[in-house]
Amino acid sequence: MRVIAGTARSLPLKTPEGLDVRPTTDRIKETLFNMLQWDIPGGVFLDLFSGSGGIGIEALSRGARKAYFVDNAQKSISCIQQNLTFTKMADRAVVLKQDVRSALGSIREEAVDIIFMDPPYDCGEEKAVLAILQEMPYVTEDTVLVAEAALDTDFSWVSQLGFQITKDKQYRTNKHIFMKRG
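Rules behind the numbers
Residues numbered from 1 in each chain as written. Predicted model: local features only at pLDDT ≥ 70, side-chain atom pairs only at ≥ 80, totals over all residues. Heavy atoms only, no water. Helix = DSSP H or I, 4+ residues; strand = E, 2+ residues; numbered from the N terminus. Rg over C-alpha atoms; globule rule 2.2 N^0.38 Å. Contact = heavy atoms within 4.5 Å. Areas by Shrake-Rupley, 256 points an atom, 1.4 Å probe, with all protein chains shown as cover. Core = buried A, V, L, I, M, F, W, Y, C linked by side-chain atoms within 4.5 Å. Buried < 20%, exposed > 50% of the residue type's maximum accessible area, 1.4 Å probe, protein only. Salt bridge = Lys/Arg side-chain N within 4 Å of Asp/Glu carboxyl O. Pairing = 2+ DSSP bridges. Axes fitted to C-alpha atoms, helices over the stretch in contact; angles between N-to-C directions. Right-handed = clockwise from strand over helix to strand, strands pointing away.

Considerations on the overall build of the protein
Phase 1: A tally of helices and strands in the protein yields five helices and seven strands.
Phase 2: Sequence-ordered secondary structure for the protein, helices as α and strands as β, is α-β-α-β-α-β-α-β-α-β-β-β.
Phase 3: Rg of the C-alpha trace for the protein: 15 Å, near the compact-globule value of 16 Å for 182 residues, within the 12% margin.
Phase 4: Taken along its principal axes, the extent of the C-alpha atoms in the protein is 40 × 35 × 30 Å.
Phase 5: Considering only contacts in the protein between residues 6 or more positions apart, those separated by 24 or more positions represent 65%.
Phase 6: Of the roughly 8,700 Å² of accessible surface on the protein, a fraction of 48% belongs to carbon and sulfur atoms.

Below you can see the structure in the form of structure tokens.
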């Protein structure tokens, strides 16, 4: 796994050992960031269920002003911190070792530009996280929310939480659902 573009382009990133983390492949990451490229420069990025931190680091490399990394596994937190140090981006990062649901209330930003979540597949965390995010003042009408999920994950319920799906990008084994306040 590596950084695709920006100031840290081509730098390799570590991934935590074990089966708990499934890093987003370079090809899917490149497609994702091609779709987000105009929202990143100068913005604030939330990387929820961060794993290795590869998505948030990619955002920093492409010009995000600040990125939050949230994960509750110590192996992931150690990996994120090593990757941030190696890419020289630790000064623009906030790493939170806690449950994503509780971490959302401790983010003190006027507005967050992009929120990316990649919870374990088929665990239903997307609904719980979006239920909390609908109440957060930093989620504005301009905030882009992206969920990475298994292909068969149903998102028909998001409108009940005040969000609308703006794009559904499907890959061979998973998909990205793009949402905004609706």
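Having put the structure on the table, let's press on.
Quick word on the nonpolar core
Side chains of a nonpolar character, in soluble globular proteins, are inclined to be buried together.
Phase 1: With 30 residues, the main nonpolar core has Leu46, Leu48, Leu130, Leu133 and Tyr138 as its most contacted residues.
Phase 2: For Leu46, the residues in contact, after removing those within four places along its chain, are Tyr68, Leu104, Ile107, Val112, Ile114, Ile115, Phe116 and Tyr138.
Phase 3: Ile55, Ala64, Val146 and Phe178 belong to the second-largest nonpolar core, a separate cluster that totals 25 residues.

Here's the deal with the pattern of salt bridges
Phase 1: Applying the stated criterion across every chain yields a total of five salt bridges.
Phase 2: One salt bridge in this structure joins Glu58 and Lys29, with 4.0 Å as the shortest N-O distance. In this pair, Glu58 sits in helix H2 (residues 54-61) while Lys29 sits in helix H1 (residues 26-36), placing the two residues 29 residues apart along the sequence. Each member of the pair, Glu58 as well as Lys29, carries the same accessibility label: buried.
Phase 3: Among the ionic contacts, a cluster of salt bridges with common partners joins Lys29, Glu58 and Arg62.

Describing the sheet that holds strand S3 (residues 93-97)
Phase 1: Strand order across the open sheet formed by seven strands is S3-S2-S1-S4-S5-S7-S6, with mixed pairing between neighbours. Among the strands making up the open sheet, the edge pair consists of S3 and strand S6 (163-170). Across the sheet, the axes of successive neighbouring strands diverge by a mean angle of 15 degrees, strand direction being ignored.
Phase 2: Relative to strand S2 (residues 66-71), strand S1 (residues 44-48) runs parallel, the two being bridged by five bridges. Along S2, the bridge assignment pairs Asp47 with Phe69.

Let's talk about the pairing of strand S4 (residues 114-117)
Phase 1: Alternating positions in S4 separate into two faces, Ile114 and Phe116 on one and Ile115 and Met117 on the other, with burial throughout.
Phase 2: In this structure, S1 lies alongside S4, joined through four bridges in parallel fashion. Paired with Leu48 across the strands is Met117, a residue of S4.
Phase 3: Running through helix H5 (residues 125-133), the crossover from S4 to the neighbouring parallel element strand S5 (residues 144-150) is right-handed.

Comments concerning unusual backbone geometry
Phase 1: Of note in the backbone geometry, Phe49 takes a positive phi value of approximately 60 degrees without being a glycine.
Phase 2: Of note, Phe49 is situated in the loop between S1 and H2.

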